[in-house]
Amino acid sequence: MDEKEVLTRFKNGQLDRAQVAALLTGAGTGTGPVVLALSDLPPHPAPAQPAAERAAQPVGEQVAVVGMAGRYPGASDLAAFWRQVRGGYDSASTPPPGRPGDEVGHYLERVQDFDPEFFGIDAHEAALMDPQERLFLETAWEALEDAGCTGGRLDALTAADGTPRSVGVFTGAGPGDYALLAARTWSRERPRPMPRGGQWSLPNRLSALLGLTGPSQSVDTAQSSVLVALHLALGALRRGECAAALVGGARLLLHPSSRHPGAGEGVGALLLKPLPRALADGDTVHCLVRGSAVGHTAPDPTAPGPGRRSRAAGARTGNAGGRTAAAAVREEAATVPGRPGVPAGRVLREALRVAGLEEDAAGVREDAGAVRGLVGDAGAATGAAVLTRAVLQLGHRVLAPGPDRVEARPWESEGRGPRRICVGVRGAGGADAEVVLEEYPPAAESHAASDRVCAGPELFLLSAPTPSHLASTARRFAEMLRGSAPVPPLGGLASALRTGRAAMDCRFAAVVGDTGELLRVLEEFVRDGAPCADLRGGGADPLGLGAVPETDGYLAALWQAGHLHQLRGLWLSGLDADWAALEAARGPSAAGVALPASAFLRVPLWLGGEEGPA
């Protein structure tokens, strides 16, 4: 291939840097030829191969979903969303009290509420932020916490040159309704501050606040935006542009012009990592992303346009071997063999090819119709809702009600390999995106970290930006411990907090022997308002041990000797430890243990200090 084609393939993510260098210089890193991986093959169809001869997708190219969060109509978290999915819930309603209009749609409640203090944002600045951006910040943080990736493990996600926090952010955003609302009250005689953001600020704000160094970009292909964003994220991961990628989107109906019968709202986020890194980090793998593809299908393929052949011209060439528009329509409406009613469009076929799968291995198919009753036509949030619904079905091994199922039923594997879902969404303008998801049955040893027996006391750490946040988060943990659901073993719970949560200024720590003792300590802390370590006024690490190179060895010696009370005192004083490194000797970390999310203390923030919609 010539230089232009090499550079084009590199730009499209089909070649990595090493392959480009080898092709352009004529020299490889070894004596063998440059080999393109299956997911990097050129986009034109490859010769068909029998299933028995098709190689499995290499593990190194597989990508895992390791964290997710979302907020949808009537569901403040994904546990509530799954109950709605499984029950076939329809969230259609009139607007919540306080919102003008009476259009029946699918609405979130209290969209004006936000916790600026948690993110260190001035309240006046937060009031000028688009509420879609505010909701995405909170949801993205919850997805990172679900993955155990907000503390030292986030720093450990490094780029090839060693740059920490190499996380890309790829989003789909809704319309700029908030700016339209602000413009209604602006005049030359009475100017007022205006929202300064745009669709670009949805990912850029998160990257700036958390110091993320990977690509940060937003796309707008209407309903398929989040799936297109995921496709871009996969390319960035394969090219080594980031070590992990956060994918998500948000959509709110704030301006009357955005509302129509059946319109909806929502916000969702998923964290992706290459599978080998996820397994090495001890992550919970919700599912695998086997492949993806994007393309465009004209809403009316028979309509003439500049540079396109008219229908009459197409008809004249039809008998001469030309491919007419009608033939294209028939091809797009074809079905997967053995799966009547499942479209086998070219974009879906390409996604299956990238995944290394035959068309008859497509499994279940989900599209925007599957979430119509849950979120309606939610614009950019539609793709997030469809993806989340698919991942939850794989995780629970339950097929939820949908267009072809009246009620939920257990998902039997039927001995045909792993369970799979092909997720496809077409945007209003014709932008198609397809993603192939596959279950990941965990190996027995992957639970070793979270299930390990607590052989002695454990150091339990909790932190937050303010004492009020800390007390609210401690209350959540106490509620988990006294609830009816299974409680993680103390060793896994404590390890997940140490290695997977950010160390903030207000801190609580306890050395406990079992979950019963931990519950008593937390209840006492919440009830009596016991003082916590508050480092907001300065004075952290008063002895300056963090700047001394020998401190790491000192902390390791304390850890190995079991001097947890001394480690507790040092951490409360503001000396942070690399807990992942300390625990390496104990085996895999337990970052994947399911834990309550940090509490947000939301307050209403709206233009000009108004209350805003409910």
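Residues numbered from 1 in each chain as written. Predicted model: local features only at pLDDT ≥ 70, side-chain atom pairs only at ≥ 80, totals over all residues. Heavy atoms only, no water.

## Comments concerning the overall build of the protein chain
Put simply, the rule is: The way it works is that DSSP assigns letters per residue, a run of H or I at least four long becomes a helix, a run of E at least two long becomes a strand, and they are numbered from the N terminus. Only protein chains enter the accessibility calculation, which uses a 1.4 Å probe; a residue whose area is less than 20% of its type maximum is buried, one above 50% is exposed, and one in between is partly exposed. Surface accessibility follows the Shrake-Rupley procedure with a 1.4 Å probe radius. Residue values consider only the protein chains on display as shielding.
Within the protein chain, the regular secondary structure consists of 23 helices and 18 strands. Split into buried and exposed, the 614 residues of the protein chain put 49% on the buried side. Just so you have it, the protein chain exposes about 27300 Å², and 54% of that area is on carbon and sulfur atoms.

## Some thoughts on the side chain of Arg501
Put simply, the rule is: Any pair of N or O atoms that falls within 3.5 Å is considered a polar contact. Within protein, one atom must be able to donate a hydrogen and the other to accept it, and sequence-neighbouring residues count only if both atoms are side-chain atoms. Contacts are assigned to residue pairs with any non-hydrogen atoms lying within 4.5 Å of each other.
Structurally, the position occupied by Arg501 is in the loop between helix 19 (490-500) and strand 16 (506-512). Judged by its relative accessible area of 12%, Arg501 is buried. At 2.7 Å, the side chain of Arg501 forms a polar contact with the backbone oxygen of Pro596. Those residues in contact with Arg501 that lie beyond four places of it in its chain are Glu145, Thr150, Gly151, Phe477, Ala496, Leu595, Pro596, Ala597 and Ser598.

## Considering the sheet that holds strand 10 (residues 364-366)
Basically, it comes down to this: Pairing between two strands is assigned when DSSP locates at least 2 bridges connecting them. The axes used here are C-alpha line fits, helices contributing only the stretch in contact, and every angle between their N-to-C directions lies in the interval 0 to 180 degrees.
Across the sheet, which stays open at both edges, the 9 strands sit in the order 4-3-5-6-1-7-14-13-10 with mixed pairing between neighbours. In this open sheet, the two strands that pair with only one neighbour each are strand 4 (216-219) and strand 10. Here the strands of the sheet are splayed against their neighbours by 25° on average, with no regard to which way each runs. Judged from the 8 bridges that link them, strand 1 (residues 63-71) and strand 6 (residues 266-274) form a sheet pairing that is antiparallel. Bridging from a neighbouring strand, Val63 pairs with Pro274 of strand 6. In this fold helix 9 (residues 201-210) packs onto strand 3 (167-173), strand 4 and strand 5 (244-251), with an angle of close to 150° to the strand it touches most, strand 3.

## Observations concerning the packing of helix 3 (residues 78-87) against helix 16 (residues 380-396)
Selection rule: Roughly parallel here means an angle under 35 degrees, roughly antiparallel means over 145, roughly perpendicular means 65 to 115, and every remaining angle is called oblique. Throughout, the ten residues Ala, Val, Leu, Ile, Met, Phe, Trp, Tyr, Cys and Pro are labelled nonpolar, Asp, Glu, Lys and Arg are labelled charged, and all others, Gly among them, are labelled polar.
The contact between helix 3 and helix 16 brings their axes to 11 Å, and the two run at 85°. Considered as vectors, helix 3 and helix 16 are oriented roughly perpendicular to each other. Where helix 3 abuts helix 16, its residues Leu78, Phe81, Trp82 and Val85 lie against Ala385, Thr388, Arg389, Leu392, Gln393 and His396. Classifying every residue of the contact of helix 3 with helix 16 by side-chain character gives 6 nonpolar, 3 polar and 1 charged.

## Digging into the pattern of salt bridges
Charged atoms that come close allow side chains of opposite charge to pair. Note the following rule: Any carboxyl oxygen of Asp or Glu that lies within 4 Å of a side-chain nitrogen of Lys or Arg is treated as forming a salt bridge with it.
For the structure on display, the rule yields 29 salt bridges. Where Glu125 meets Arg205, a salt bridge forms, and the shortest distance between an N and an O atom there is 2.7 Å. Note that Glu125 is positioned in helix 5 (residues 123-128) and Arg205 in helix 9, a separation of 80 residues in sequence. Given a relative accessible area of 22%, Arg205 falls into the partly exposed group. Bridged by salt links that share partners, the residues Arg153, Lys273, Arg277, Asp281 and Asp283 form one connected network.

## As for the nonpolar core
How we decide: Side-chain atoms within 4.5 Å link the members of a nonpolar core, which is a set of buried Ala, Val, Leu, Ile, Met, Phe, Trp, Tyr and Cys residues.
Grouped together as the largest cluster of nonpolar side chains are 53 residues, with contacts concentrated most on Phe119, Phe136, Trp141, Leu206 and Leu271. The element that contributes the greatest number of residues to this core is helix 6 (residues 131-146), accounting for 7 residues. Residue contacts for Trp141: discarding those within four places in its chain leaves Phe118, Phe119, Thr150, Leu210, Ala502, Met504, Ser598 and Phe600. Grouped together as the second largest cluster of nonpolar side chains are 52 residues, Ala229, Ala236, Leu374 and Leu437 included.

## Considerations on unusual backbone geometry
We note that Arg110 has phi near 55°; this positive angle belongs to a residue other than glycine. With respect to the secondary-structure elements, Arg110 resides in the loop between helix 3 and strand 2 (113-114). Among the residues examined, Arg110 registers a relative accessible area of 34% and is labelled partly exposed. Phi is positive for Arg397, close to 55°, though the residue is something other than glycine. By the secondary structure assignment, Arg397 is in the loop between helix 16 and strand 11 (398-399). On the basis of relative accessibility, which here comes to 37%, the residue Arg397 falls in the partly exposed class.

## Description of helix 22 (residues 564-572)
Those residues of helix 22 lying buried are Leu564, Leu567, Leu570, Trp571 and Leu572. Looking one or two residues past helix 22, Gly574 carries a phi angle of roughly 105°, positive in sign.

## Side note on the sheet that holds strand 16
Read from one edge to the other, the open sheet built from 3 strands follows the order 15-16-17, with strand pairing classed as antiparallel. The strands lining the two open edges of the sheet, one partner per strand, are strand 15 (458-464) and strand 17 (533-534). Strand direction decides the pairing type here: strand 16 and strand 17, joined by 2 bridges, are antiparallel. Residue pairing across strands places Cys506 opposite Asp534, the latter belonging to strand 17. Sheet contacts for helix 19: strand 15 and strand 16; angle to strand 15, the most-contacted strand, approximately 40°. Across the sheet, helix 22 lies against strand 15, strand 16 and strand 17, angled at about 175° from strand 16, the strand it touches most.

## Notes on helix 20 (residues 515-528)
Stated formally: Expected helix span is taken as 1.5 Å per residue step, with the number of steps being one fewer than the number of residues.
Between its first and last C-alpha atoms helix 20 spans 20 Å; for 14 residues at 1.5 Å apiece the expected length is 20 Å, and the two agree. Where helix 20 is buried, its residues contact strand 15, helix 18 (467-482), helix 19 and strand 16. The opening residue of helix 20 is Asp514, an N-cap whose side-chain oxygen sits 3.0 Å from the backbone nitrogen of Gly516. Following helix 20 by one or two positions, Gly529 adopts a phi angle in the positive range, close to 60°.

## Quick notes on the packing of helix 18 against helix 20
Note the cut-off: The crossing is said to be left-handed when, going from far helix to near helix, the turn is anticlockwise and less than a right angle, and right-handed when the turn is clockwise.
At a minimum axis separation of 9 Å, helix 18 and helix 20 run at an interaxial angle of 145°. Considering only the axes of helix 18 and helix 20, their crossing is left-handed. Contacts from Leu470, Ala471, Ala474, Arg475, Phe477, Ala478, Leu481 and Arg482 in helix 18 reach Thr515, Leu518, Leu519, Leu522, Glu523, Phe525 and Val526 in helix 20. Split into classes, the residues belonging to the contact of helix 18 with helix 20 amount to 11 nonpolar, 1 polar and 3 charged.

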